[in-house]
Amino acid sequence: MKLNTDIMSHLKKNKKTVYPTKRTMNLYFKIDRTTAPATIALYSLFVLVVVFALSKVMIYDPLQEVKQMENHISALETQAVSKLEQLKKYDTVLEKYVRATPTEEQLSEVDRIKILDLIDTTIRPSAQVAKIDIAEGKVLLTFYGVTLEKAGDLVARLDASQMVTNMSVDTAISKKDGRSLVETNVYFEVVREEEARS
């Protein structure tokens with residue numbers, strides 16, 4: 001064993017110590033051109049972009065939204081003022097509408113114009129009409145200036161109309177220039193022509 005140890009130690013002594021060496025040289029050299037002012041400028045630009053984006057999202061956009069809402073409110077207020085201006089005349093318009101619009105009761109009654117037309121065509125050409133009262137389908141007619149015979153004829157013509165029902169006549173006689181003239185009060189009810197036909 002000793003023999004083997006000696007050989008090993010002998011071999012170690014004869015071996016030369018080798019150190020690493022550089023056999024090639026790298027001639028490429030990059031100059032560091034980044035300077036402190038350029039780096040600071042880039043970081044400053046980045047910070048400005050971030051601040052601008054945050055200010056747009058956090059300040060500018062809400063301000064624009066508030067401005068749009070104020071414009072919308074202003075438009076609504078203008079519209080409300082114009083509507084209130086129109087509503088100033090509401091009472092007058094309502095009164096005209098109520099007067100112009102017939103009620104159900106009026107729609108169920110005979111048209112007063114037809115009653116007046118009937119009186120105009122039968123009574124007025126021959127006699128003078130003193131008074132006409134029309135209420136709820138009942139008519140009170142007073143005429144004068146004709147003789148009793150002529151008054152009877154006018155009342156008969158009035159009674160011949162399909163609209164006239166339940167007639168009653170009251171007369172008063174007066175003398176003028178030797179002629180007997182009557183004042184006639186005629187009370188009658190009117191029905192619609194559709195009802196009279198059925």
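This text goes with the structure placed above it.
Residues numbered from 1 in each chain as written. Predicted model: local features only at pLDDT ≥ 70, side-chain atom pairs only at ≥ 80, totals over all residues. Heavy atoms only, no water.

A.B. asks: Would you mind showing me how to read the overall build of the protein chain here?
C.D. replies: Counting secondary structure elements, the protein chain contains seven helices and four strands. When the helices and strands of the protein chain are read in sequence order from the N terminus, they spell out α-α-α-α-α-β-β-α-β-β-α. Counting over 198 residues, the protein chain shows a buried share of 14%. Partitioning the intrachain contacts of the protein chain with sequence separation of at least 6 by distance along the chain shows that 53% fall at a separation of at least 24. When the accessible surface of the protein chain is split by element, carbon and sulfur atoms take 59% of a total near 17,000 Å². (Helix = DSSP H or I, 4+ residues; strand = E, 2+ residues; numbered from the N terminus. Buried < 20%, exposed > 50% of the residue type's maximum accessible area, 1.4 Å probe, protein only. Contact = heavy atoms within 4.5 Å. Areas by Shrake-Rupley, 256 points an atom, 1.4 Å probe, with all protein chains shown as cover.)

A.B. asks: Help me understand a nonpolar patch on the surface, please; the structure alone is not making it clear to me.
C.D. replies: Taken together, the side chains of F46, V47, V50, V51, L54, V57, M58, I59 and L63 make up a nonpolar region of the molecular surface, amounting to roughly 890 Å² of accessible area. Residue position: F46 is located in helix α2 (residues 36-87). (Patch = residues over 30% accessible without salt bridge, like charges linked within 9 Å, V, L, I, M, F, W, Y side chains within 5 Å. Salt bridge = Lys/Arg side-chain N within 4 Å of Asp/Glu carboxyl O.)

A.B. asks: Mind showing me how you'd approach the environment of T142 here?
C.D. replies: Mapping T142 onto the fold places it in strand β2 (residues 138-146). Residues T142 and Y187, 45 residues apart in the sequence, show an inter-C-alpha distance of 8.8 Å. Discounting residues that sit within four places of it in the chain, T142 has contacts with Q128, V129, A130, K131, E183, T184 and N185.

A.B. asks: What am I meant to see in helix α6 (residues 148-159) here?
C.D. replies: Every α-helical turn comprises 3.6 residues, leaving residues that sit three or four positions apart pointing alike. Compared with the 16 Å implied by 1.5 Å per residue over 12 residues, the 16 Å span of α6 between its first and last C-alpha is a close match. For α6, every residue scored as buried is listed here: A151, L154, V155 and L158. In an axial view of α6, the angular spread of the buried residues amounts to 100 degrees, which keeps them on one side of the axis. (Expected span 1.5 Å × (residues − 1). Arc of directions from axis to C-beta.)

A.B. asks: Can you walk me through α2 in this structure?
C.D. replies: Between its terminal C-alpha atoms α2 stretches 74 Å, which fits the 76 Å expected from 52 residues at 1.5 Å a residue. Remark: the principal bend of α2, roughly 40 degrees, maps to K56. (Bend = angle between axes of the 7 residues up to and from the residue.)

A.B. asks: So what exactly am I meant to see when it comes to unusual backbone geometry here?
C.D. replies: Trans is the common state for peptide bonds, and a negative phi is the common state for residues other than glycine. Even without glycine at this site, E136 takes up a positive phi of about 50 degrees. At N166, a residue that is not glycine, the phi angle is positive and equals roughly 50 degrees. Following the sequence through the fold, N166 ends up in strand β3 (residues 164-176).

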